[in-house]
Amino acid sequence: MAGIQDNDDPCCWERSGQPWEVIGTPIGSGPFRIRKVFLATPNCILYRESCATRFRVQALSPEGMLACAVPVKPGSQTSYFRRPLHERGLPATLPTGLEAVLDQGQEHLLFLVQLFLLDQHLPPEQAGLLKAGAEANLLPAGTETVRGLGCWLNGILARVHGSPEMLRYPAAVAALERELVLGFAARVLPPECCTLPRRKSRRRRGYDRAIEAIRYADLTTLELGGLCAAAGVSARALEYAFRENLGVSPGAFIRQLRLHALRRALLASAAGESTVTELAYDLGFTQLGRLAAHYRCVFGEPPSTTLARPFPGDDSPFWMGYPDGSMATTRR
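Here is a short report on the structure shown in this document. (Residues numbered from 1 in each chain as written. Predicted model: local features only at pLDDT ≥ 70, side-chain atom pairs only at ≥ 80, totals over all residues. Heavy atoms only, no water.)

Some remarks on the packing of aromatic side chains
To keep things clear, this is the line we draw: Each Phe, Tyr or Trp ring (for Trp, its six-membered ring) is paired with any other whose centre lies within 6.5 Å, and the angle between the two planes then decides the class: stacked below 30 degrees, edge-to-face above 60, tilted in between. Starting at the N terminus, helices and strands are each numbered in turn, a helix being any DSSP run of H or I of at least four residues and a strand any DSSP run of E of at least two. Relative accessible area decides the class of each residue, using a 1.4 Å probe on protein chains only: under 20% of the type maximum gives buried, over 50% gives exposed, and in between gives partly exposed.
In this structure the tally under the stated criterion is six aromatic pairs. Here F32 and F55 contribute two aromatic rings whose centre-to-centre distance is 5.6 Å and whose plane-to-plane angle is 70°, an arrangement assigned as edge-to-face. Of the two residues, F32 is situated in the loop between strand 2 (21-26) and strand 3 (34-40) and F55 in strand 5 (residues 55-60); the sequence distance between them amounts to 23 residues. Side by side, F32 and F55 carry an identical accessibility label, which is buried.

Here it is, written out as structure tokens:
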């Protein structure tokens, strides 16, 4: 699949962002608009994103995939993983929770690839280096490497958008995926690169386990005690890890996921189909007065106003599922 998406509402952007599970929060005033030019195959996703406003992203990165950001026009206030963007490398991650601030006017490329495809097409040492770098949230790369990688990926996008019919042919798709994997590795991993990043700390390993638990949990019943047990660390260690990586406590992050899920449900509900109360109860909210005040504080309007607004309709998700044809499940 290849196409273009223009979103002028953070909620619609969240709804169409599969396989990411994202929370988008504008920072400051001004219109919200994100333009996405994308290419998606069963095992790879490549897209160029242009941001018309500054906003904060908190997300669960896609299951089973390595994700890498390639800045094209970075802003001065851009940050990934709560660290300022700099010239020493490419922000990258394996499946986990992450936070980023994307500056107004920023343009970047995102490349995502199924981990098994790295093992299939690359020598073990190269696949290991890419995974280890992503696990440390940084693929070392100088300015020229970043610029060259961006030009090459933009060329791939232009080629496929110029001849989208190629995506109807399995052999062409397989060849394209192989080209993406080999070309990405060749540009990111210099021949002399052989040093693995240091092993993650116990706290970070616990954080990753907690994120994996959140990914599959029913958020209406998930409690801190259960999350700590799944993570294998204390409540204090988990609190530190979440604040270090996402800027909020574990409980606050779960509440944010639920609150944004409610907004998406309100916006998508047809007139007269559901009430605010029904949708709130369905997501496990019971104190509706407190919910309404918190909702207004976060989104600048009461839930009833969101429900009454005409739904603009969703863009189709730019990635339709996993290679076996299944879809990522929508959690509550």
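Here's the deal with the sheet that holds strand 2
The following threshold applies: When DSSP locates at least two bridges between a pair of strands, those strands are taken to pair. Any pair of residues with heavy atoms lying within 4.5 Å of one another is described as a contacting pair. Each axis is a line fitted through C-alpha atoms, and for a helix only the stretch in contact is used; angles between axes span 0 to 180 degrees, taken between their N-to-C directions.
One open sheet holds the five strands; their spatial order is 2-5-11-7-8, and the pairing between them is antiparallel. The open sheet terminates on both sides in strands that have one partner only, identified here as strand 2 and strand 8 (83-84). Direction of pairing for strand 7 (residues 79-80) relative to strand 8: antiparallel, over a ladder of two bridges. Along strand 8, the bridge assignment pairs S79 with P84. Against the sheet, helix 8 (residues 235-246) touches strand 5 and strand 11 (97-102), its axis set at about 30° to strand 11.

Things to note about helix 8
Rules: Each helix should span, by expectation, one fewer than its residue count multiplied by 1.5 Å. Here the arc refers to the set of directions running from the helix axis out to each C-beta atom.
Helix length check: helix 8, at 12 residues, gives a terminal C-alpha distance of 16 Å against a target of 16 Å (1.5 Å per residue), a fit within 8%. Within helix 8, burial applies to A237, L238, A241, F242, N245 and L246. For helix 8, the buried positions fall inside an angular range of 130° around the axis, keeping them on one side. Looking at the packing, one finds that the buried side of helix 8 touches strand 5, strand 11, helix 6 (202-216), helix 7 (224-231) and helix 9 (250-268). G247 occupies a position one or two residues after helix 8 and carries a positive phi of about 80°.

Points about the pattern of salt bridges
Our working rule: Criterion for a salt bridge: a side-chain nitrogen of Lys or Arg within 4 Å of a carboxyl oxygen of Asp or Glu.
Enumeration according to the criterion identifies 16 salt bridges in this entry. Measuring nitrogen to oxygen at the nearest pair gives 3.8 Å for the salt bridge that ties E107 to R48. Here E107, found in strand 12 (residues 107-114), pairs with R48, found in strand 4 (residues 44-51); they are 59 residues apart in sequence, far enough to count as distant. Through salt bridges with shared partners, a single network forms among D6, R33 and R35.

Honestly, it's all geometry; don't read function into it.
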